[in-house]
Amino acid sequence: TVFKTLPGQKIARLELGGVLNTPQEKIFIAAGSEIRGFTKRGKQFLSFETNLTESIKAMYVTLEKTFCLERQMENLGLFRSLQPNQSTSGKFEMRKRGEALSESVTSIQGGCVGKDGYDEIVVSTYSGKANGNVGWYTQALSESVTSIQGGCVGKDGYDEIVVSTYSGWVTGLTTQPVHKESGPGEELKINQEMQNKISSLRTELEQLQYKVLQEREKYQQSSQSSEAKSAVPSFSVNDKFTLNKDDASYSLILEVQTAIDNVLIQSDVPIDLLDVDKNSAVVSFSSCDSESNDNFLLATYRCQANTTGLELKIRSIEGQYGTLQAYVTPRIQPKTCQVRQYHIKPLSLHQRTHFIDHDRPMNTLTLTGQFSFSELHSWVVFCMPEVPEKPPAGECVTFYFQNTFLDTQLESTYRKGEGVFKSDNISTISILKDVLSKEATKRKINLNISYEINEVSVKHTLKLIHPKLEYQLLLAKKVQLIDALKELQVHEGNTNFLIPEYRCILEEADHLQEEYKKQPAHLERLYGMITDLFIDKFKFKGTNVKTKVPLLLEILDSYDQNALIAFFDAA
C-alpha cells in the first residue's frame with residue numbers, strides 16, 4: 001500500500017490520467033457527484049463538485065477533460081464532457097454527444113480503436129453488451145460488464161478491446177481478421193502458432209487447477225482441526241431493479257460471483273411474475289395469507305448448477321405500494337443469505353421523460369402549506385421512480401413522466417410551499433392526492449389541497465386504453481378457441497372446411513399461446529384501471545359509485561367502446 005485516502009462516499013469509478021505522451025500517473029476518482037485527483041504519492045491536487053443531481057456512474061479522463069455518465073439510463077444524451085474552470089472549483093462546461101442505447105451503461109472508454117484515425121467511445125452495458133461508436137459492432141456476453149479498456153494486447157498492429165465481467169471473466173475483442181489468405185507453407189505456420197497458444201493455455205489451466213486443489217485441501221484440514229472456528233462467508237450481490245418502458249414491467253437482475261443455490265422472492269403488495277425466456281431456474285409458489293401477515297407473494301427460484309445470475313420480471317399495480325424483497329442464497333458453506341429490498345412506488349409504472357404533450361386535457365392537483373422544497377422533493381421521490389434523492393439546484397423544479405402501461409402523462413412542478421401536479425389521467429391525480437396527504441400527516445404538516453378536474457380527460461384516457469383492451473380481448477378469445485379447433489382438425493383430417501380466420505388461429509396457435517402466457521392478468525389489469533378511473537371520476541365529485549362496479553364489469557365483458565363511454569357519462 002502506497003497511500004490511503006480518508007473514509008468517505010463509495011468510489012464508483014477510478015481512472016488514470018496525465019498529459020499526452022507522458023506516463024498516466026495521476027489518479028482520478030468519482031464519488032457521488034464529486035471528482036477528486038491524486039498524485040501517485042497520494043497528494044490531492046484536484047477536487048470539484050459537478051453539481052450533478054445523481055451520482056456519477058462512469059468516467060473517462062483525457063488531458064484536462066473528464067467525461068462523466070450521470071445516470072445509468074437508456075441513452076447517452078446524459079453523457080457529459082466536464083471542463084473544470086481553473087479559477088473557480090466546481091464549474092464546468094457540458095457537451096452532449098453519442099447515440100441512444102436501450103440499456104444501462106456500466107463503463108465508457110475513449111481512444112482510437114480502429115484503422116480510421118478517429119477517436120471512438122466504447123461503451124459497455126449492464127446486460128453484458130460491449131458497443132462500439134456509431135453502431136460499429138455489438139458483442140453480447142452472458143453477464144454484466146464491469147470495465148472495458150482499449151489497447152494492443154494480443155497481436156502487434158491490431159487494436160483490441162479487453163472486457164472484464166462481474167464474476168471475474170476477462171475476454172477480448174480484436175480487429176485482427178479471423179480468416180486470412182494463406183499461401184504455400186503459410187497454413188502450416190498458422191496451425192503451429194495456434195497449437196503453441198493452445199499448449200500454453202492448457203499448461204496455465206493445469207497450474208491453476210493444481211493451485212485450487214491445494215487451497216481446497218488446506219481449507220478442509222483447517223476446518224476439521226480442533227481449533228477451527230465457524231465464520232459466515234461474505235459474498236457480494238450485484239443487483240438492478242429497473243422499469244422497462246417496452247412492456248411496463250420491472251426487471252430484477254441478481255448476480256453473484258459464485259453459483260446461486262436459490263432465491264426467495266417476497267412481496268407485501270400485489271404483483272405479477274412474468275415469464276423470462278432465458279431464465280432456467282425452477283420456480284415454486286407458496287400460499288400466502290395477505291390479511292394476517294401482508295404477504296401477497298412468496299416464490300422460490302431454484303437455480304441450476306453454475307448459475308451465477310438470475311433475471312426476473314414483475315408488473316406492479318399503481319396505487320398499491322410497498323416492498324419487494326429478494327433473499328439470495330449462494331452455493332457456499334456454511335449456508336448464508338443476503339436480503340435485498342426494492343421499493344414498489346405509488347406511481348411505479350411512470351418513467352421520466354424529457355417532454356410531454358401540453359395539448360392534452362389535463363387535471364390539476366395543487367398543494368400549498370408550510371413545507372420546504374426538500375420536504376416536497378422527498379415526497380416526490382417516494383411516489384415516483386427515477387427521481388434523484390438529492391434535491392436539484394434552484395428554487396423550483398419540473399419533472400415530466402409517462403405511464404409506460406397506458407401512455408398517459410404527468411407534469412410535476414414544485415417549490416417551497418407549493419406543488420402543482422398535472423395529468424391527463426384522473427387516477428394518477430387521485431393516487432397523488434391520497435399518498436401526499438398521508439405523507440404530510442406523518443410529518444404533522446397541514447396541507448391545503450385544491451384540484452381542477454377536466455371531464456374531457458376521462459374520455460381521452462378511455463380512448464388510450466381502447467386499442468390495448470381490444471387487442472387483449474381478441475387474444476383471449478383466440479386462445480379459448482384453439483383447443484376446440486384442434487379437435488375439429490383431428491376429427492376432419494384437415495382444415496379446408498374452416499373459414500380463413502379460424503385457419504389463421506390454428507397456424508399461429510403456438511405464438512398466440514406463448515404471448516398469452518407471457519402476459520398473465522393483462523386483461524384483469526386493464527379492467528382494474530377502467531374501474532379505478534370510474535370510481536376516481538366520481539370520487540372528486542363526492543359520489544360513491546362502487547355499487548355500480550358490477551354493471552361496469554358486465555359492459556366490459558361484452559365490450560363496446562361507445563357503450564363504455566356512454567356508461568361513464570350516464571352514471
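The notes below deal with the structure included here. On a predicted model such as this, the values are computed, not experimentally measured, just so you know. (Residues numbered from 1 in each chain as written. Predicted model: local features only at pLDDT ≥ 70, side-chain atom pairs only at ≥ 80, totals over all residues. Heavy atoms only, no water.)

Quick word on the overall build of the chain
So, point 1. On a plain count of helices and strands, the chain comes out with 10 helices and 29 strands.
So, point 2. Within the span of the chain, comprising 571 residues, buried residues form 42% of the whole.
So, point 3. Total accessible area on the chain stands at roughly 32400 Å², and carbon and sulfur atoms take up 50% of it. (Helix = DSSP H or I, 4+ residues; strand = E, 2+ residues; numbered from the N terminus. Buried < 20%, exposed > 50% of the residue type's maximum accessible area, 1.4 Å probe, protein only. Areas by Shrake-Rupley, 256 points an atom, 1.4 Å probe, with all protein chains shown as cover.)

A look at the pattern of salt bridges
So, point 1. Under the criterion given, the structure shown has 20 salt bridges.
So, point 2. Note that Asp-261 and Lys-335 form a salt bridge whose closest N and O atoms lie 3.2 Å from each other. One end of the pair, Asp-261, is in strand β17 (residues 260-267); the other, Lys-335, is in the loop between β22 (322-330) and β23 (338-344), with 74 residues separating them in the sequence.
So, point 3. Several salt bridges converge on common partners, so that one network encompasses Asp-261, Arg-331 and Lys-335. (Salt bridge = Lys/Arg side-chain N within 4 Å of Asp/Glu carboxyl O.)

Things to note about the packing of helix α8 (residues 522-539) against helix α9 (residues 549-557)
So, point 1. It is the contact of α8 with α9, at a shortest axis distance of 11 Å, that shows an interaxial angle of 135°. Classed by the angle they form, the pair α8 and α9 counts as oblique. For the pair α8 and α9, the crossing hand works out as right-handed. Note on element contacts: α9 touches α8 through Val-549, Leu-552, Leu-553, Leu-556 and Asp-557, opposite Tyr-527, Ile-530, Thr-531, Phe-534 and Ile-535. (Axes fitted to C-alpha atoms, helices over the stretch in contact; angles between N-to-C directions. Parallel < 35°, antiparallel > 145°, perpendicular 65-115°, else oblique. Left-handed = near helix turned anticlockwise from the far one by under 90°. Contact = heavy atoms within 4.5 Å.)

Brief notes about the packing of aromatic side chains
Aromatic ring pairs are reported here in terms of the distance separating the ring centres and the angle at which the planes meet.
So, point 1. Evaluation of the coordinates by the stated rule reveals 13 aromatic pairs.
So, point 2. For the pair Phe-399 and Tyr-414, a centre-to-centre distance of 6.4 Å together with 45° between the ring planes defines the contact as tilted. Linking Phe-399 in strand β26 (residues 396-403) with Tyr-414 in strand β27 (residues 409-415), this pair joins segments that are 15 residues apart in sequence.
So, point 3. Judged by its relative accessible area of 7%, Phe-399 is buried.
So, point 4. On the basis of relative accessible area, Tyr-414 is assigned to the buried category, the value being 1%.
So, point 5. Centroid distance Phe-534 to Phe-538: 5.4 Å. Interplanar angle 65°. Geometry classified as edge-to-face. Of this pair, Phe-534 and Phe-538 both sit in helix α8, separated by 4 residues, roughly a single helical turn.
So, point 6. On the accessibility criterion, Phe-534 (0% relative accessible area) is buried.
So, point 7. Pairwise contacts between aromatic rings join Phe-373, Phe-399, Phe-401 and Tyr-414 into one cluster. (Phe/Tyr/Trp six-rings, centres within 6.5 Å; stacked < 30°, edge-to-face > 60°.)

Looking at a nonpolar patch on the surface
So, point 1. Together, Ile-11, Leu-14 and Leu-16 make up a nonpolar patch on the protein surface, roughly 270 Å² of accessible area in all.
So, point 2. Tracing the sequence through the fold places Leu-16 in strand β1 (residues 11-17).
So, point 3. Judged by relative accessible area, which is 48%, Leu-16 ranks as partly exposed. (Patch = residues over 30% accessible without salt bridge, like charges linked within 9 Å, V, L, I, M, F, W, Y side chains within 5 Å.)

As for the nonpolar core
So, point 1. Counting 79 residues, the largest nonpolar core has Ile-265, Met-384, Leu-432, Ile-530, Leu-564 and Phe-568 as its most contacted members.
So, point 2. If near-sequence neighbours (up to four positions away) are discounted, Leu-564 is found in contact with Leu-462, Ile-530, Leu-552, Ile-555, Leu-556 and Tyr-559.
So, point 3. Among the nonpolar cores identified, the runner-up in size contains 9 residues, and Val-479, Ile-482, Leu-498 and Leu-512 belong to it. (Core = buried A, V, L, I, M, F, W, Y, C linked by side-chain atoms within 4.5 Å.)

None of this, on its own, says anything about what the molecule does.
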